[in-house]
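This is what each chain is made of:
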Amino acid sequence: MAKAKTLYVCGECGASQPKWSGQCPDCGAWNSLSESVAEAAAAGSRRGGWTGQGSAEVVRLDSVRAGDTPRFSSGLSELDRVLGGGLVPGSVVLIGGDPGIGKSTLLLQSQAAVAAERKALYVTGEESAAQVAMRARRLGLDPEMLECLTETSLETVLATAAANRPGFMVIDSIQTLWSESLQSAPGAVAQVRECASRLVQYAKRTGCTVVLVGHVTKEGALAGPRVLEHMVDGVLYFESDSGSRFRLIRSVKNRFGAANELGVFAMTDGGLKAVSNPSAIFLSTDEAPAAGSCVLVTREGTRPMLVEVQALVAPSSLSQPRRIAVGVDPGRLAMLLAVMNRHCGIQVNDQDVFVNVTGGIRVSETASDLAVALAIQSSLREVPLPRHLAAFGEVGLAGELRPVYNGEERLREAAGQGFTTALVPHANVKGVKARLTIRGCRRLSDALDAAREVDS
Ligand code: TYD
Ligand code: MG
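This structure is a prediction, so every number in the text was calculated from the model and none was measured. (Residues numbered from 1 in each chain as written. Chains lettered and ligands numbered in written order. Predicted model: local features only at pLDDT ≥ 70, side-chain atom pairs only at ≥ 80, totals over all residues. Heavy atoms only, no water.)

### Points about the overall build of the protein
When helices and strands are counted, the protein shows 10 helices and 21 strands. On the principal axes, the C-alpha backbone points of the protein span a range of 80 × 55 × 55 Å. Partitioning the intrachain contacts of the protein with sequence separation of at least 6 by distance along the chain shows that 66% fall at a separation of at least 24. By element, 50% of the accessible surface of the protein is carried by carbon and sulfur atoms, the whole surface being about 22200 Å². Charged side chains in the protein number 47 positive and 47 negative. The centres of these two groups are separated by 4 Å. (Helix = DSSP H or I, 4+ residues; strand = E, 2+ residues; numbered from the N terminus. Contact = heavy atoms within 4.5 Å. Areas by Shrake-Rupley, 256 points an atom, 1.4 Å probe, with all protein chains shown as cover. Lys, Arg positive; Asp, Glu negative; His and termini not counted. Charge placed at Lys NZ, Arg CZ, Asp CG, Glu CD.)

### A closer look at the domain arrangement of the protein
Under the domain assignment used here, the protein contains domain 1 (1-38), domain 2 (77-276) and domain 3 (281-455). The C-alpha centroid of domain 3 is placed 52 Å from the C-alpha centroid of domain 1. (Domains from an automatic or database assignment.)

### Observations regarding the sheet that holds strand E13 (residues 293-300)
Strand order in the open sheet formed by 7 strands is E15-E16-E14-E13-E17-E20-E21, and the pairing between neighbours is mixed. Of all strands in the sheet, those with a lone pairing partner are strand E15 (323-326) and strand E21 (437-441), marking the two edges. In this sheet, adjacent strand axes meet at a mean angle of 25 degrees when their direction is disregarded. In this sheet, strand E20 (residues 421-425) lies alongside strand E17 (residues 389-391) in parallel orientation, the contact comprising 3 bridges. Counterpart to Leu 389 in the pairing with E20 is Thr 421. The strands touched by helix H7 (residues 330-344) are E15 and strand E16 (351-357); relative to E15, the strand with the most contacts, the crossing angle is about 130 degrees. Across the face of the sheet, helix H8 (residues 369-381) comes into contact with E13, strand E14 (303-315), E16, E17 and E20 while running at roughly 35 degrees to E14. (Pairing = 2+ DSSP bridges. Axes fitted to C-alpha atoms, helices over the stretch in contact; angles between N-to-C directions.)

### So, empty space enclosed by the protein
Taken as a whole and assessed by the stated rule, the structure comprises 3 cavities of 30 Å³ or more. Size it by volume and the largest cavity reaches roughly 90 Å³. Looking at the largest cavity, it is lined by 15 residues, and the ones nearest its centre are Leu 83, Ser 91, Val 93, Asn 254 and Phe 256. Elements supplying a minimum of two residues to the lining of the largest cavity: helix H1 (77-83), strand E9 (234-239) and strand E10 (246-254). Top element by residues in the lining of the largest cavity is E9. It accounts for 3 residues. In terms of residue class, the lining of the largest cavity is made up of 8 nonpolar, 4 polar and 3 charged. The computed volume of the second largest cavity comes to approximately 50 Å³. Together, Ser 74, Leu 79, Leu 83, Leu 87, Val 93, Ile 95, Leu 107, Ser 110, Phe 168, Val 211 and Leu 236 line the second largest cavity. (1 Å grid on protein atoms, 1.4 Å probe; cavity = no way out; pocket = protein on both sides within 12 Å on 5 of 7 lines; lining within 4 Å. Points joined across faces, edges and corners; volume = space filled by probe spheres on them. Nonpolar A, V, L, I, M, F, W, Y, C, P; charged D, E, K, R; others polar.)

### Structural notes on the pairing of strand E4 (residues 92-97)
Most of E4 sits inside the fold, with 6 of its 6 residues counted as buried. When E4 meets strand E8 (residues 209-215), the two strands line up parallel, connected through 6 bridges. Across the sheet, residue Gly 96 finds its bridge partner in E8, namely Gly 214. Both E4 and E9 contribute to a ladder of 5 bridges, which runs parallel. Among the inter-strand pairings, Gly 96 is bridged to a residue of E9, identified as Tyr 237. (Buried < 20%, exposed > 50% of the residue type's maximum accessible area, 1.4 Å probe, protein only.)

### Some remarks on the site of ligand 1
Near ligand 1 lie 16 residues; those nearest to it are Gly 100, Lys 103, Ser 104, Thr 105 and Thr 268. Between Thr 105 and ligand 1, the recorded distance is 2.6 Å, taken from a side-chain N or O atom to an oxygen atom. In isolation ligand 1 exposes 560 Å². Once the protein is present, 74% of that is buried. Mapped onto the shell around ligand 1, the elements with two or more residues apiece are helix H2 (103-114), helix H3 (129-138) and strand E11 (262-268). (Near = heavy atom within 4 Å. Polar contact = N/O pair within 3.5 Å; in protein donor to acceptor, adjacent residues only side chain to side chain.)

### Looking at the packing of helix H4 (residues 154-164) against helix H5 (residues 189-206)
Orientation of H4 relative to H5, taken along the N-to-C sense of each, is 10 degrees, at an axis distance of 11 Å. Taken together, the axes of H4 and H5 lie roughly parallel to each other. Counted together, Leu 154, Glu 155, Leu 158, Ala 161 and Ala 162 of H4 and Cys 195, Arg 198, Leu 199 and Tyr 202 of H5 form the full contact between these two elements. Partitioned by chemical class, the residues of the contact of H4 with H5 number 7 nonpolar, no polar and 2 charged. (Parallel < 35°, antiparallel > 145°, perpendicular 65-115°, else oblique.)

The following block contains the structure:
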(Lines give C-alpha, C1' and ligand atoms only; values in the text may rest on other atoms or scores of the structure.)
(Ligands and ions follow the chains in the order given, each with its own letter.)
Protein backbone atom coordinates (compact mmCIF):
# COMPACT_ATOMS: atom_id res chain seq x y z
CA MET A 1 0.00 0.00 0.00
CA ALA A 2 1.31 3.44 -0.91
CA LYS A 3 2.24 5.57 2.08
CA ALA A 4 -0.10 8.52 2.54
CA LYS A 5 1.61 11.87 2.72
CA THR A 6 2.29 12.90 6.28
CA LEU A 7 2.34 16.36 7.75
CA TYR A 8 3.25 17.77 11.13
CA VAL A 9 0.50 19.84 12.69
CA CYS A 10 1.01 22.27 15.55
CA GLY A 11 -1.34 21.56 18.45
CA GLU A 12 -1.26 25.21 19.51
CA CYS A 13 -1.86 27.18 16.31
CA GLY A 14 -2.95 24.47 13.87
CA ALA A 15 -0.31 25.36 11.24
CA SER A 16 1.05 22.41 9.29
CA GLN A 17 4.71 21.84 8.47
CA PRO A 18 6.25 19.39 6.04
CA LYS A 19 8.98 18.43 8.54
CA TRP A 20 9.08 17.89 12.27
CA SER A 21 10.94 20.37 14.40
CA GLY A 22 11.12 21.07 18.10
CA GLN A 23 9.59 24.50 17.79
CA CYS A 24 6.64 25.53 15.63
CA PRO A 25 8.01 28.00 13.06
CA ASP A 26 4.65 29.79 12.95
CA CYS A 27 3.70 30.41 16.59
CA GLY A 28 6.95 29.54 18.36
CA ALA A 29 5.42 26.93 20.69
CA TRP A 30 7.81 24.20 21.79
CA ASN A 31 7.20 20.51 21.26
CA SER A 32 3.76 21.05 19.78
CA LEU A 33 4.15 19.40 16.36
CA SER A 34 2.61 15.98 15.92
CA GLU A 35 2.40 13.75 12.91
CA SER A 36 -0.88 13.50 10.97
CA VAL A 37 -2.10 12.38 7.57
CA ALA A 38 -2.35 15.01 4.83
CA GLU A 39 -5.87 15.30 3.42
CA ALA A 40 -5.80 14.23 -0.22
CA ALA A 41 -6.39 17.42 -2.22
CA ALA A 42 -8.70 15.80 -4.71
CA ALA A 43 -9.20 17.61 -8.00
CA GLY A 44 -12.95 17.51 -7.56
CA SER A 45 -12.83 19.20 -4.19
CA ARG A 46 -12.51 22.65 -5.69
CA ARG A 47 -16.12 23.13 -6.48
CA GLY A 48 -17.89 25.95 -8.25
CA GLY A 49 -18.15 28.34 -5.28
CA TRP A 50 -20.49 31.21 -6.21
CA THR A 51 -21.73 29.47 -9.35
CA GLY A 52 -23.60 27.04 -7.09
CA GLN A 53 -22.09 24.05 -8.83
CA GLY A 54 -21.67 20.99 -6.66
CA SER A 55 -23.92 22.31 -3.89
CA ALA A 56 -25.73 19.95 -1.52
CA GLU A 57 -29.35 19.78 -0.43
CA VAL A 58 -30.40 21.62 2.74
CA VAL A 59 -33.20 20.00 4.73
CA ARG A 60 -35.79 21.54 7.01
CA LEU A 61 -35.88 19.72 10.30
CA ASP A 62 -39.68 19.32 10.29
CA SER A 63 -39.28 17.08 7.25
CA VAL A 64 -36.87 14.80 9.07
CA ARG A 65 -38.51 11.86 10.79
CA ALA A 66 -36.79 11.67 14.13
CA GLY A 67 -38.06 8.41 15.52
CA ASP A 68 -36.68 6.82 18.60
CA THR A 69 -33.06 5.81 18.16
CA PRO A 70 -33.04 2.07 17.57
CA ARG A 71 -30.96 0.35 20.20
CA PHE A 72 -29.86 -3.10 21.17
CA SER A 73 -28.93 -4.36 24.60
CA SER A 74 -25.30 -4.79 25.60
CA GLY A 75 -26.42 -7.73 27.73
CA LEU A 76 -25.56 -5.96 30.99
CA SER A 77 -28.35 -3.89 32.52
CA GLU A 78 -26.08 -1.34 34.19
CA LEU A 79 -24.07 -0.81 31.01
CA ASP A 80 -27.30 -0.26 29.09
CA ARG A 81 -28.36 2.31 31.67
CA VAL A 82 -25.11 4.26 31.28
CA LEU A 83 -25.44 4.15 27.50
CA GLY A 84 -28.93 5.66 27.79
CA GLY A 85 -30.86 2.46 27.10
CA GLY A 86 -28.52 0.31 25.04
CA LEU A 87 -26.08 0.45 22.14
CA VAL A 88 -26.98 2.43 19.03
CA PRO A 89 -26.14 0.87 15.64
CA GLY A 90 -23.42 2.81 13.84
CA SER A 91 -22.23 4.54 17.01
CA VAL A 92 -18.74 4.52 18.48
CA VAL A 93 -18.23 4.33 22.24
CA LEU A 94 -14.94 4.79 24.04
CA ILE A 95 -14.42 3.04 27.39
CA GLY A 96 -11.51 4.29 29.44
CA GLY A 97 -10.06 3.10 32.71
CA ASP A 98 -6.97 2.09 34.63
CA PRO A 99 -5.25 -1.18 33.75
CA GLY A 100 -6.76 -4.23 35.43
CA ILE A 101 -10.04 -2.54 36.32
CA GLY A 102 -12.07 -4.93 34.16
CA LYS A 103 -12.54 -3.34 30.73
CA SER A 104 -11.70 -6.51 28.81
CA THR A 105 -13.85 -8.59 31.16
CA LEU A 106 -16.84 -6.29 30.74
CA LEU A 107 -16.62 -6.23 26.97
CA LEU A 108 -16.11 -9.97 26.63
CA GLN A 109 -19.24 -10.54 28.72
CA SER A 110 -21.13 -8.01 26.65
CA GLN A 111 -19.86 -9.56 23.41
CA ALA A 112 -21.14 -12.99 24.42
CA ALA A 113 -24.60 -11.55 25.11
CA VAL A 114 -24.73 -9.48 21.93
CA ALA A 115 -23.49 -12.41 19.80
CA ALA A 116 -26.73 -14.28 20.45
CA GLU A 117 -28.52 -11.80 18.19
CA ARG A 118 -25.97 -10.26 15.88
CA LYS A 119 -22.53 -11.01 14.57
CA ALA A 120 -19.93 -9.78 17.00
CA LEU A 121 -16.17 -9.52 16.64
CA TYR A 122 -13.66 -9.07 19.45
CA VAL A 123 -10.41 -7.56 18.19
CA THR A 124 -7.57 -7.74 20.66
CA GLY A 125 -4.07 -6.42 20.28
CA GLU A 126 -3.26 -6.96 23.93
CA GLU A 127 -3.82 -10.63 24.58
CA SER A 128 -3.46 -13.85 22.62
CA ALA A 129 -6.50 -15.81 21.50
CA ALA A 130 -5.58 -18.45 24.09
CA GLN A 131 -5.72 -15.86 26.88
CA VAL A 132 -9.10 -14.60 25.70
CA ALA A 133 -10.40 -18.17 25.47
CA MET A 134 -9.17 -18.88 28.98
CA ARG A 135 -10.91 -15.80 30.32
CA ALA A 136 -14.12 -16.73 28.48
CA ARG A 137 -14.04 -20.17 30.06
CA ARG A 138 -13.44 -18.67 33.47
CA LEU A 139 -16.42 -16.39 32.95
CA GLY A 140 -18.57 -19.34 31.96
CA LEU A 141 -19.29 -17.90 28.50
CA ASP A 142 -20.10 -20.11 25.55
CA PRO A 143 -16.91 -20.11 23.41
CA GLU A 144 -18.95 -21.05 20.35
CA MET A 145 -20.53 -17.60 20.45
CA LEU A 146 -17.24 -15.70 20.59
CA GLU A 147 -15.29 -14.67 17.53
CA CYS A 148 -11.90 -13.22 18.21
CA LEU A 149 -9.25 -11.59 16.03
CA THR A 150 -5.75 -10.96 17.38
CA GLU A 151 -4.43 -8.15 15.25
CA THR A 152 -2.78 -4.77 15.60
CA SER A 153 -2.83 -3.51 12.03
CA LEU A 154 -5.74 -1.17 11.40
CA GLU A 155 -5.84 -2.02 7.69
CA THR A 156 -6.11 -5.75 8.43
CA VAL A 157 -8.82 -5.13 11.04
CA LEU A 158 -10.87 -3.05 8.61
CA ALA A 159 -10.44 -5.58 5.81
CA THR A 160 -11.44 -8.45 8.12
CA ALA A 161 -14.45 -6.48 9.32
CA ALA A 162 -15.46 -5.71 5.74
CA ALA A 163 -15.36 -9.44 4.94
CA ASN A 164 -17.11 -10.59 8.15
CA ARG A 165 -19.64 -7.74 8.46
CA PRO A 166 -20.04 -7.74 12.25
CA GLY A 167 -22.83 -5.69 13.81
CA PHE A 168 -20.81 -5.18 16.98
CA MET A 169 -17.04 -4.87 17.19
CA VAL A 170 -14.81 -4.39 20.22
CA ILE A 171 -11.31 -2.95 19.76
CA ASP A 172 -9.16 -3.82 22.77
CA SER A 173 -7.33 -1.44 22.81
CA ILE A 174 -7.12 1.57 20.52
CA GLN A 175 -3.55 2.19 21.70
CA THR A 176 -2.29 -1.09 20.29
CA LEU A 177 -3.65 -0.45 16.79
CA TRP A 178 -1.43 1.14 14.20
CA SER A 179 -2.01 2.31 10.68
CA GLU A 180 0.46 1.77 7.86
CA SER A 181 -0.15 5.31 6.65
CA LEU A 182 1.81 6.77 9.56
CA GLN A 183 5.36 6.20 10.67
CA SER A 184 4.87 6.85 14.36
CA ALA A 185 4.68 4.01 16.86
CA PRO A 186 1.36 2.50 18.05
CA GLY A 187 -0.04 4.53 20.91
CA ALA A 188 1.35 7.84 19.60
CA VAL A 189 -1.21 10.62 19.43
CA ALA A 190 -1.20 10.64 15.63
CA GLN A 191 -1.75 6.87 15.44
CA VAL A 192 -4.52 6.84 18.03
CA ARG A 193 -6.29 9.70 16.29
CA GLU A 194 -5.94 8.22 12.81
CA CYS A 195 -7.08 4.73 13.85
CA ALA A 196 -10.07 6.11 15.75
CA SER A 197 -11.16 8.35 12.91
CA ARG A 198 -10.97 5.49 10.39
CA LEU A 199 -13.00 3.28 12.74
CA VAL A 200 -15.58 6.06 13.20
CA GLN A 201 -15.91 6.32 9.42
CA TYR A 202 -16.27 2.56 9.21
CA ALA A 203 -18.99 2.52 11.88
CA LYS A 204 -20.99 5.32 10.24
CA ARG A 205 -20.75 3.72 6.81
CA THR A 206 -21.70 0.19 7.78
CA GLY A 207 -23.92 0.67 10.85
CA CYS A 208 -21.62 -1.51 12.93
CA THR A 209 -21.40 -0.49 16.59
CA VAL A 210 -17.76 -0.10 17.60
CA VAL A 211 -16.54 -0.05 21.20
CA LEU A 212 -13.01 1.24 21.70
CA VAL A 213 -11.05 0.43 24.84
CA GLY A 214 -8.71 3.26 25.82
CA HIS A 215 -6.05 3.26 28.48
CA VAL A 216 -5.82 6.12 30.86
CA THR A 217 -2.39 7.73 30.93
CA LYS A 218 -0.47 8.79 34.01
CA GLU A 219 -2.15 12.19 33.95
CA GLY A 220 -5.54 10.51 34.05
CA ALA A 221 -6.55 11.49 30.52
CA LEU A 222 -7.09 8.94 27.80
CA ALA A 223 -3.87 8.56 25.86
CA GLY A 224 -3.63 10.99 23.04
CA PRO A 225 -4.61 13.74 25.50
CA ARG A 226 -8.35 13.30 25.13
CA VAL A 227 -8.01 13.53 21.36
CA LEU A 228 -10.65 10.87 20.95
CA GLU A 229 -13.38 12.29 23.13
CA HIS A 230 -14.75 14.66 20.51
CA MET A 231 -14.65 12.06 17.72
CA VAL A 232 -16.76 9.38 19.32
CA ASP A 233 -20.46 9.31 20.23
CA GLY A 234 -20.02 8.27 23.82
CA VAL A 235 -17.25 8.29 26.41
CA LEU A 236 -17.48 6.04 29.46
CA TYR A 237 -15.00 5.91 32.31
CA PHE A 238 -14.53 2.87 34.44
CA GLU A 239 -13.46 3.69 37.98
CA SER A 240 -13.10 2.05 41.34
CA ASP A 241 -11.93 2.70 44.82
CA SER A 242 -8.59 0.96 45.20
CA GLY A 243 -9.13 -2.41 46.78
CA SER A 244 -12.90 -2.28 46.46
CA ARG A 245 -14.69 -4.90 44.44
CA PHE A 246 -17.24 -2.41 43.18
CA ARG A 247 -16.73 -0.84 39.80
CA LEU A 248 -18.42 2.36 38.74
CA ILE A 249 -18.93 3.19 35.13
CA ARG A 250 -19.77 6.77 34.30
CA SER A 251 -20.72 8.42 31.03
CA VAL A 252 -19.00 11.75 30.52
CA LYS A 253 -20.32 12.21 27.02
CA ASN A 254 -23.30 10.62 25.32
CA ARG A 255 -24.83 11.80 22.07
CA PHE A 256 -27.75 9.39 22.57
CA GLY A 257 -28.60 9.82 26.25
CA ALA A 258 -27.87 11.62 29.48
CA ALA A 259 -24.27 12.28 30.41
CA ASN A 260 -23.08 11.68 33.96
CA GLU A 261 -25.15 8.53 34.28
CA LEU A 262 -23.66 6.03 36.68
CA GLY A 263 -23.68 2.24 36.47
CA VAL A 264 -22.52 -0.01 39.30
CA PHE A 265 -20.91 -3.42 38.98
CA ALA A 266 -19.34 -5.83 41.41
CA MET A 267 -16.25 -7.80 40.35
CA THR A 268 -16.75 -11.42 41.34
CA ASP A 269 -15.07 -14.75 40.57
CA GLY A 270 -17.49 -15.09 37.70
CA GLY A 271 -16.79 -11.68 36.20
CA LEU A 272 -18.70 -8.41 36.51
CA LYS A 273 -22.22 -8.52 37.93
CA ALA A 274 -24.59 -5.59 37.61
CA VAL A 275 -25.68 -4.06 40.92
CA SER A 276 -29.20 -2.80 40.36
CA ASN A 277 -29.78 -1.41 43.85
CA PRO A 278 -26.60 0.52 44.65
CA SER A 279 -28.15 2.38 47.62
CA ALA A 280 -28.18 -0.86 49.55
CA ILE A 281 -24.48 -1.57 49.07
CA PHE A 282 -23.12 1.91 49.72
CA LEU A 283 -24.76 2.09 53.12
CA SER A 284 -22.97 0.39 55.95
CA THR A 285 -24.59 -2.80 57.09
CA ASP A 286 -23.20 -2.21 60.55
CA GLU A 287 -26.01 -2.42 63.08
CA ALA A 288 -24.90 0.23 65.57
CA PRO A 289 -24.76 3.73 64.04
CA ALA A 290 -21.37 5.39 64.50
CA ALA A 291 -20.61 9.00 65.34
CA GLY A 292 -19.54 11.12 62.39
CA SER A 293 -21.62 9.38 59.79
CA CYS A 294 -24.59 10.76 57.87
CA VAL A 295 -26.60 9.29 55.01
CA LEU A 296 -26.85 11.55 51.99
CA VAL A 297 -29.42 11.23 49.23
CA THR A 298 -27.45 12.17 46.15
CA ARG A 299 -28.28 11.91 42.49
CA GLU A 300 -26.05 10.30 39.94
CA GLY A 301 -27.23 10.93 36.39
CA THR A 302 -30.93 10.19 36.49
CA ARG A 303 -30.98 8.04 39.59
CA PRO A 304 -31.21 9.00 43.27
CA MET A 305 -28.80 7.07 45.43
CA LEU A 306 -28.03 6.84 49.13
CA VAL A 307 -24.42 7.10 50.20
CA GLU A 308 -22.74 7.44 53.54
CA VAL A 309 -20.72 10.57 54.31
CA GLN A 310 -18.23 10.17 57.14
CA ALA A 311 -16.37 12.85 59.03
CA LEU A 312 -13.63 12.61 61.60
CA VAL A 313 -12.79 15.66 63.68
CA ALA A 314 -9.76 15.21 65.91
CA PRO A 315 -7.46 17.59 67.83
CA SER A 316 -4.51 18.60 65.68
CA SER A 317 -0.89 19.00 66.62
CA LEU A 318 -0.21 21.04 63.50
CA SER A 319 -0.15 24.81 63.41
CA GLN A 320 -2.27 24.56 60.29
CA PRO A 321 -4.74 21.71 60.92
CA ARG A 322 -5.51 19.37 58.09
CA ARG A 323 -8.64 19.52 55.95
CA ILE A 324 -8.88 16.35 53.89
CA ALA A 325 -11.87 15.63 51.66
CA VAL A 326 -12.22 12.39 49.72
CA GLY A 327 -15.24 12.12 47.45
CA VAL A 328 -16.37 15.71 48.00
CA ASP A 329 -14.84 18.98 46.84
CA PRO A 330 -12.14 20.19 49.31
CA GLY A 331 -13.03 23.79 48.45
CA ARG A 332 -16.63 23.23 49.56
CA LEU A 333 -15.44 21.61 52.79
CA ALA A 334 -13.38 24.70 53.62
CA MET A 335 -16.37 26.90 52.81
CA LEU A 336 -18.69 24.79 54.92
CA LEU A 337 -16.33 24.96 57.92
CA ALA A 338 -16.25 28.75 57.59
CA VAL A 339 -20.08 28.91 57.47
CA MET A 340 -20.36 26.59 60.49
CA ASN A 341 -17.94 28.80 62.38
CA ARG A 342 -19.58 32.11 61.48
CA HIS A 343 -23.27 31.17 61.58
CA CYS A 344 -23.57 28.12 63.83
CA GLY A 345 -20.89 28.71 66.46
CA ILE A 346 -19.08 25.48 65.62
CA GLN A 347 -15.38 26.08 65.84
CA VAL A 348 -12.80 23.61 64.57
CA ASN A 349 -9.74 25.85 64.14
CA ASP A 350 -7.54 23.56 66.24
CA GLN A 351 -8.90 20.29 64.84
CA ASP A 352 -8.03 18.13 61.86
CA VAL A 353 -11.09 17.47 59.72
CA PHE A 354 -11.35 14.46 57.44
CA VAL A 355 -14.40 13.83 55.26
CA ASN A 356 -14.92 10.71 53.20
CA VAL A 357 -17.72 9.33 51.06
CA THR A 358 -17.74 5.56 51.47
CA GLY A 359 -17.66 3.10 48.60
CA GLY A 360 -15.34 5.22 46.46
CA ILE A 361 -18.20 7.41 45.25
CA ARG A 362 -17.41 10.96 44.20
CA VAL A 363 -20.22 13.39 44.89
CA SER A 364 -19.92 16.48 42.76
CA GLU A 365 -23.23 18.14 43.55
CA THR A 366 -23.79 20.84 46.15
CA ALA A 367 -26.64 18.84 47.73
CA SER A 368 -24.00 17.07 49.82
CA ASP A 369 -23.34 20.18 51.99
CA LEU A 370 -25.92 19.48 54.69
CA ALA A 371 -24.91 15.84 55.13
CA VAL A 372 -21.24 16.83 55.45
CA ALA A 373 -22.11 19.44 58.08
CA LEU A 374 -24.23 16.95 60.04
CA ALA A 375 -21.43 14.37 59.92
CA ILE A 376 -18.91 16.94 61.18
CA GLN A 377 -21.17 17.98 64.05
CA SER A 378 -21.82 14.36 64.96
CA SER A 379 -18.10 13.56 65.04
CA LEU A 380 -17.32 16.67 67.08
CA ARG A 381 -19.99 15.79 69.66
CA GLU A 382 -19.18 12.08 69.48
CA VAL A 383 -22.90 11.38 69.27
CA PRO A 384 -24.20 9.28 66.38
CA LEU A 385 -27.01 10.64 64.26
CA PRO A 386 -30.24 8.71 64.63
CA ARG A 387 -30.42 5.67 62.45
CA HIS A 388 -32.90 6.00 59.57
CA LEU A 389 -32.11 9.69 59.14
CA ALA A 390 -31.16 10.88 55.67
CA ALA A 391 -30.27 14.42 54.56
CA PHE A 392 -29.54 16.59 51.57
CA GLY A 393 -29.35 20.32 50.88
CA GLU A 394 -27.04 23.07 49.71
CA VAL A 395 -25.55 25.52 52.20
CA GLY A 396 -25.14 29.16 51.19
CA LEU A 397 -22.49 31.54 52.50
CA ALA A 398 -25.08 33.40 54.59
CA GLY A 399 -25.80 30.16 56.46
CA GLU A 400 -29.07 29.53 54.64
CA LEU A 401 -30.20 26.14 53.36
CA ARG A 402 -30.93 26.22 49.67
CA PRO A 403 -33.21 23.78 47.86
CA VAL A 404 -31.84 21.19 45.48
CA TYR A 405 -33.52 19.80 42.39
CA ASN A 406 -35.51 16.56 42.33
CA GLY A 407 -36.18 16.74 46.07
CA GLU A 408 -39.29 14.58 45.93
CA GLU A 409 -37.54 11.80 44.04
CA ARG A 410 -34.73 11.81 46.60
CA LEU A 411 -37.19 11.62 49.49
CA ARG A 412 -39.01 8.70 47.88
CA GLU A 413 -35.74 6.83 47.45
CA ALA A 414 -34.90 7.40 51.12
CA ALA A 415 -38.36 6.17 52.15
CA GLY A 416 -37.99 3.18 49.83
CA GLN A 417 -34.73 2.23 51.54
CA GLY A 418 -36.39 2.22 54.95
CA PHE A 419 -35.45 5.71 56.19
CA THR A 420 -38.01 7.29 58.50
CA THR A 421 -36.76 10.87 58.87
CA ALA A 422 -35.30 13.33 56.39
CA LEU A 423 -33.61 16.64 57.14
CA VAL A 424 -33.89 18.87 54.09
CA PRO A 425 -34.05 22.54 53.03
CA HIS A 426 -37.44 24.11 53.80
CA ALA A 427 -38.08 24.88 50.12
CA ASN A 428 -37.84 21.18 49.27
CA VAL A 429 -40.76 20.22 51.53
CA LYS A 430 -43.75 21.87 49.86
CA GLY A 431 -46.23 19.51 48.22
CA VAL A 432 -44.00 16.49 48.60
CA LYS A 433 -45.63 13.12 49.14
CA ALA A 434 -43.26 10.58 50.61
CA ARG A 435 -43.73 8.06 53.36
CA LEU A 436 -41.33 9.47 55.92
CA THR A 437 -41.14 12.37 58.37
CA ILE A 438 -39.70 15.40 56.62
CA ARG A 439 -38.07 18.16 58.66
CA GLY A 440 -37.60 21.27 56.53
CA CYS A 441 -35.11 23.88 57.78
CA ARG A 442 -34.40 27.37 56.51
CA ARG A 443 -30.93 27.71 58.02
CA LEU A 444 -27.99 25.39 58.57
CA SER A 445 -28.03 26.21 62.30
CA ASP A 446 -31.69 25.07 62.51
CA ALA A 447 -30.83 21.80 60.79
CA LEU A 448 -27.91 21.16 63.13
CA ASP A 449 -30.18 21.89 66.13
CA ALA A 450 -32.88 19.64 64.70
CA ALA A 451 -30.39 16.78 64.36
CA ARG A 452 -29.47 17.20 68.03
CA GLU A 453 -33.15 17.20 69.07
CA VAL A 454 -33.99 14.08 67.12
CA ASP A 455 -31.33 12.10 68.95
CA SER A 456 -32.04 13.43 72.42
P1 TYD B 1 -9.29 -6.98 32.89
O2 TYD B 1 -10.64 -7.11 32.29
O3 TYD B 1 -8.19 -7.77 32.29
O4 TYD B 1 -8.87 -5.47 33.01
P5 TYD B 1 -8.47 -4.41 31.88
O6 TYD B 1 -8.85 -4.98 30.57
O7 TYD B 1 -9.26 -3.20 32.28
O8 TYD B 1 -7.01 -4.18 32.03
O9 TYD B 1 -9.49 -7.30 34.44
C10 TYD B 1 -8.67 -8.14 35.08
C11 TYD B 1 -8.87 -8.07 36.56
O12 TYD B 1 -10.15 -8.56 36.95
C13 TYD B 1 -7.88 -8.98 37.16
O14 TYD B 1 -7.20 -8.24 38.17
C15 TYD B 1 -8.61 -10.12 37.71
C16 TYD B 1 -10.00 -9.64 37.84
N17 TYD B 1 -11.03 -10.66 37.52
C18 TYD B 1 -11.86 -11.14 38.50
O19 TYD B 1 -11.77 -10.77 39.67
N20 TYD B 1 -12.83 -12.04 38.18
C21 TYD B 1 -12.97 -12.52 36.90
O22 TYD B 1 -13.87 -13.35 36.63
C23 TYD B 1 -12.10 -12.02 35.89
C24 TYD B 1 -12.18 -12.50 34.47
C25 TYD B 1 -11.14 -11.10 36.25
MG1 MG C 1 -7.59 -5.53 29.02
